Amino acid sequence: MALLEIKNLHVSVADKKILNGVSLSLSAGEVHAIMGPNGTGKSTLSNVIAGRAGYEVTEGEVLLDGKDVFAMAADERARAGIFLAFQYPVEIPGVTTSNFLKTAINAKRRSEGKPEIDAMEFLKLVRAKTKVLGMPDDMIKRALNVGFSGGEKKRAEVLQMTLLEPRVAILDETDSGLDIDALKVVSDGVNALRSPDRAFLIITHYQRLLDYIVPDHVHVLVGGKVVESGGKELALQLEAEGYARYLSAA
Amino acid sequence: MAAKQETAAAVRDVEQYKYGFVTAIESDKAPKGLSEDIVRFISAKKGEPEWMLEWRLKAYRYWLTLADQEPTWAKLSYPKIDYQDSYYYAAPKQKLASMDEVDPKLLETYKKLGIPLAEQAILAGVAVDAVFDSVSVATTYKKKLEEMGVIFKPISEAVHSHSELIKKYLGSVVPYTDNFFATLNCAVFTDGSFVYIPKGLRCPMELSTYFRINEKNTGQFERTLIIAEEGSYVSYLEGCTAPQRDENQLHAAVVELIALDNAEIKYSTVQNWYPGDADGKGGIFNFVTKRGACRGKNSKIMWTQVETGSAITWKYPSCILQGDGSVGEFYSVAITNNRQQADTGTKMIHLGANTRSKIISKGISAGKADNTYRGLVRIGAKADGARNYTQCDSLLIGDQCGAHTVPYIESRNPTAQTEHEATTSKISEDHLFYCQQRGMTQEEAVSLIVNGFCREVLQTLPMEFAVEAQKLVGISLEGSVG
Ligand SMILES: Nc1ncnc2c1ncn2[C@@H]1O[C@H](COP(=O)(O)OP(=O)(O)OP(=O)(O)O)[C@@H](O)[C@H]1O
Ligand SMILES: [Mg+2]
């Protein structure tokens, strides 16, 4: 059974049809990349999987371990292991990154029947991860995402992913806004998390990211549909040719 | 098959106000209504000296002349209060001589409230006075405090044991002519705490009072007086709860603080009176006059309030900065949910030279509630070099609530500096979704964000209570989203 199964998904926003029957199957251990032109529905797909309000699913289903994801509230999905690194992370004023992380970790631990994380253990854990991600120590004392640069926000997303150890991680353009070094650091972070019981769905506009995070499958999303799937060579081809071929066909 | 995707709204019919129980205890009540006889009755119950009764009567007679002067300038709307339809005195029937004699039911009540009165269970380092309806039932750590020269006792006892201090200071900050509600309090106040910190002593423990209204239709009129002698320091905390009732109940307290040269008083309040139900039925009407006088040079008074309860809150803890170099601070979190209304803020009256004040107000409004910050910064002609900094932040949850900021600044001294900042923000769907995506429930998310918003104020609370206050912030906003 696939870890995450997207079956014939149709989604509208404000009566506008965005997704027109998307089907994808992610098995544990796999990395899937999605590429596609702007406004084609990539973020819509991630948001619908994560449970953001405001989308109408008119057809199809999404299953996590065979269970209907749409029957779960957004926070339940998160605790069941779905993680979304946002394309545009929101600023949470007044809430320190450290407090936010601790609350998120404890929400997960509680659902697993574990006690709250010990304060020292938490600090040690976070220090270790921020170091790997090249984030300064005092970053976690700042309000989450408030005044963070574009790249810092993306790193903070990866930090959260690393700490929450999701089963399915969706990265929505986590590479945009990153400088060359950061791209490497973030990719290392993702690669370190690759494991036989975890799947990734990586949305990107740039072939370069896929040099670092080598995908098992690449899908092209155009007009709210997967128009082609292939191996990592498909990304190289797209880089060279662009989307013109699919757009004229559509 | 069409499936509509929506975030499941968490339905909340769980009881929210966990302090809403009633203790079945026999009580001794004055007849209903208010008259000179009732004032005499209260005074007689307390076995008060003649001068105290006279003061009460003076206040009562003055109050009668104010009949049509109940303040209306606040942004609050509530039905006219019938002052004859309330009881002005209720006491648990038993008379007690020591802690051991406290009715076990009362102890049980305080345990439910999270206030351990039994000597062995006392929070380390916190001395507690508990006021149940109209009387004080227990003061813990009495002896230890006495040895240091600290007086911490029910004001009804202090009237006898320390009459000179009471005569000198009672009404010296809030005179009996002050305002409608304060005047009423002067006439009928029943109990409250009296604190005296001797010269040069840094009181090593938090002093704390818990007020509880239990009886039906009973008003609570407590009176607190704190005097910090030269060079002394005290941190005092009050907490309040009341049972859930369909009728509104009146609470009109007066608190007076006096800080002499180089003295410092830190006064913290966690107000969690019953707020009424979601439709605005019941709840406490909280009309409170709190004022501190920084009489001495370089003295300091700091008010921190966390106001989450009451149907109506009308409260402006203030500082009169008389002594040169004195400092007044006001840190406030006021949360209104459902149909609650709060009109609260402070007055900083700068009289002495180089006086400084700081106002940090955080108003949170949810449901159909209204939340107003109302503040006055007045700089007198002689207050050379006076400075004020005011910051008022409002946070809205949902789009049916209101937040209002009404700051008054009056300066009669050109060397004074005042600064005012105000912000209004909203908890958006995006904020909530972001938190939920990280596994938090909506309520956890609201609590986290609101606590972040209030952090600066909550940090000023004594440590033991900061944690409680954080929880309270979350609880009082339950059901505000979804
Ligand atoms: N709330 C909304 N109301 C109206 N249209 C919306 C709404 N949300 C998304 N859309 C539209 O849906 C389409 C798909 O948007 P989406 O964000 O999924 O694109 P994307 O593939 O992620 O694009 P990008 O590569 O630029 O991030 C766009 O045309 C967008 O304008
Ligand atoms: Mg997008």
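Above: the structure in question.
Cut-offs and rules
- Sequence order as written defines the numbering, with residues in each chain counted from 1.
- Written order decides the labels, with chains lettered from A and ligands numbered from 1.
- This being a predicted model, a pLDDT of at least 70 is required before a residue's local features are given, and a value of 80 or more before pairs of side-chain atoms are given or counted; all residues contribute to the totals for chains, interfaces and linings.
- Just so you know, side-chain values use all the structure's heavy atoms and leave hydrogens and water out.
- We call an atom a donor if it is N, O or S and sits within 2.8 Å of the metal, or 3.2 Å for Na, K and Ca. Water is not counted, so some sites may look partial.
- A run of H or I in DSSP counts as a helix once it spans at least four residues, and a run of E counts as a strand once it spans at least two, with each numbered from the N terminus.
- The rule for pairing is simple: two strands pair if DSSP sees at least two bridges between them.
- Axes here refer to lines fitted to C-alpha atoms; in helices the fit is confined to the stretch in contact. Angles between the N-to-C directions go from 0 to 180 degrees.
- Contacts between residues were defined by any pair of non-hydrogen atoms, one from each residue, lying within 4.5 Å.
- A quick way to say it: buried area is the sum, across both parts, of accessible area lost when two parts are put together, with a 1.4 Å probe.
- Salt bridge, as applied in this entry: a Lys or Arg side-chain nitrogen positioned within 4 Å of an Asp or Glu carboxyl oxygen.
- A 3.5 Å cut-off defines polar contacts: any pair of N or O atoms within that distance qualifies, except that in protein one atom must be a possible hydrogen donor and the other a possible acceptor, and neighbouring residues in sequence count only when both atoms are side-chain atoms.
- Note on residue classes: Ala, Val, Leu, Ile, Met, Phe, Trp, Tyr, Cys and Pro are nonpolar, Asp, Glu, Lys and Arg are charged, and everything else, Gly too, is polar.
- Accessible area is worked out with a 1.4 Å probe on protein chains only. A residue is then buried under 20% of its type maximum, exposed over 50%, and partly exposed in between.
- Any residue with a heavy atom lying within 4 Å of a molecule or strand is counted as near it.
- Working definition of accessibility: Shrake-Rupley area with a 1.4 Å probe, residue cover restricted to the visible protein chains.

Asks: Lay out the coordination of the magnesium ion (ligand 2) in plain terms, naming residues and giving numbers.
Replies: Binding of the magnesium ion (ligand 2) to the protein goes through Ser43 of chain A (OG) and Gln87 of chain A (OE1), at separations of 2.0 to 2.1 Å. Placement of the pair is serine 43 of chain A in helix α1 (residues 42–50) and glutamine 87 of chain A in the loop between β6 (82–85) and α3 (97–111), with a sequence separation of 44 residues.

Asks: Describe in detail the sheet that holds strand β9 (residues 217–222) of chain A, supporting the description with residues and values.
Replies: All names here are of chain A. Strand order in this open sheet of six strands is β6-β7-β8-β3-β9-β10, and the pairing throughout is mixed. Strands with a single pairing partner mark the edges of an open sheet, and in this sheet they are β6 and β10 (225–230). On average, each strand axis in the sheet is tilted by 20 degrees relative to the strand beside it, whichever way the strands run. One ladder, built from four bridges, connects β6 with strand β7 (residues 168–172); its direction is parallel. Across the sheet, leucine 84 pairs through a bridge with isoleucine 170, a residue of β7.

Asks: Could you give me a rundown of the sheet that holds strand β2 (residues 16–26) of chain A, with the residues and numbers involved?
Replies: Residue and element names in this part refer to chain A. If you trace the four strands from one edge of the open sheet to the other, you get β2-β1-β4-β5, paired in antiparallel fashion. Each end of this open sheet is capped by a strand with a single partner; those strands are β2 and β5 (67–68). Bridge count for strand β1 (residues 4–13) against strand β4 (residues 56–64) is seven bridges, and the pairing is antiparallel. Note on β4: the bridge partner recorded for valine 11 is valine 57. Sitting on the sheet, α1 is in contact with β1, β2 and β4, with an inclination near 110 degrees to β1.

Asks: Pulling in residues and values, what's your account of the interface of chain A and chain B?
Replies: Counting residues at the interface gives 41 residues for chain A and 24 residues for chain B. Of the roughly 2800 Å² buried at the junction of chain A and chain B (both faces included), carbon and sulfur atoms supply 58%. Three residues stand out in chain A for area buried against chain B, namely Arg52, Asp75 and Phe86 of chain A, and they jointly supply 17% of the buried area on that side. In this structure, the connection of chain A to chain B is made through three salt bridges. A salt bridge links glutamate 157 of chain A to arginine 438 of chain B; the nearest nitrogen and oxygen atoms lie 2.6 Å apart. The interface formed by chain A and chain B includes 13 residue pairs in polar contact (both at pLDDT 80 or more). When contributions to the side of chain A that touches chain B are tallied by element, the ones reaching two or more residues are α1, β4, α2 (74–79), β6, α3 and α5 (150–164) of chain A. Looking at the side of chain A that touches chain B element by element, the count peaks at six residues for α3 of chain A. The residue makeup of the side of chain A that touches chain B, split by class, is 24 nonpolar, nine polar and eight charged.

Asks: Let's hear about the pattern of salt bridges: which residues, and what values?
Replies: Evaluated as defined, the whole model comprises 30 salt bridges over all chains. Residue arginine 52 of chain A pairs with aspartate 430 of chain B through a salt bridge whose shortest N-O separation is 2.8 Å. A residue pair is termed interchain when its members come from two chains, as with arginine 52 of chain A in the loop between α1 and β4 and aspartate 430 of chain B in helix α8 (residues 429–437). According to the relative accessible area criterion, aspartate 430 of chain B is partly exposed, its value standing at 35%.

Asks: An account of the pairing of strand β17 (residues 327–336) of chain B is needed here, citing residue identities and associated values.
Replies: All names here are of chain B. Burial runs high along β17: 10 of the 10 residues are buried. Burial along β17 is two-sided: Val327, Glu329, Tyr331, Val333 and Ile335 and Gly328, Phe330, Ser332, Ala334 and Thr336, pointing in opposite directions, are all buried. Sheet topology places strand β14 (residues 300–307) next to β17; eight bridges connect them, and they run parallel. Its bridge partner lying in β17, isoleucine 301 is registered against glycine 328.

Asks: So what's going on with the site of ligand 1? Residues and values would help.
Replies: Residue and element names in this part refer to chain A. Near ligand 1 lie 13 residues; those nearest to it are Gly39, Lys42, Ser43, Thr44 and His205. Here an oxygen atom of ligand 1 and a side-chain polar atom of lysine 42 are 2.8 Å apart. Backbone polar atom of serine 43 to an oxygen atom of ligand 1: 2.8 Å apart, as the coordinates give it. Computed on the free molecule, ligand 1 has an accessible area of 640 Å², of which 64% lies beneath the protein chains in the complex. At the level of elements, β2 and α1 are the ones that each hand at least two residues to the shell around ligand 1. For the shell around ligand 1, the element with the most residues is α1, which contributes three residues. Along the lines of polarity and charge, the residues of the shell around ligand 1 split into two nonpolar, eight polar and three charged.

Remember, this is a structural readout, not a statement about activity or role.
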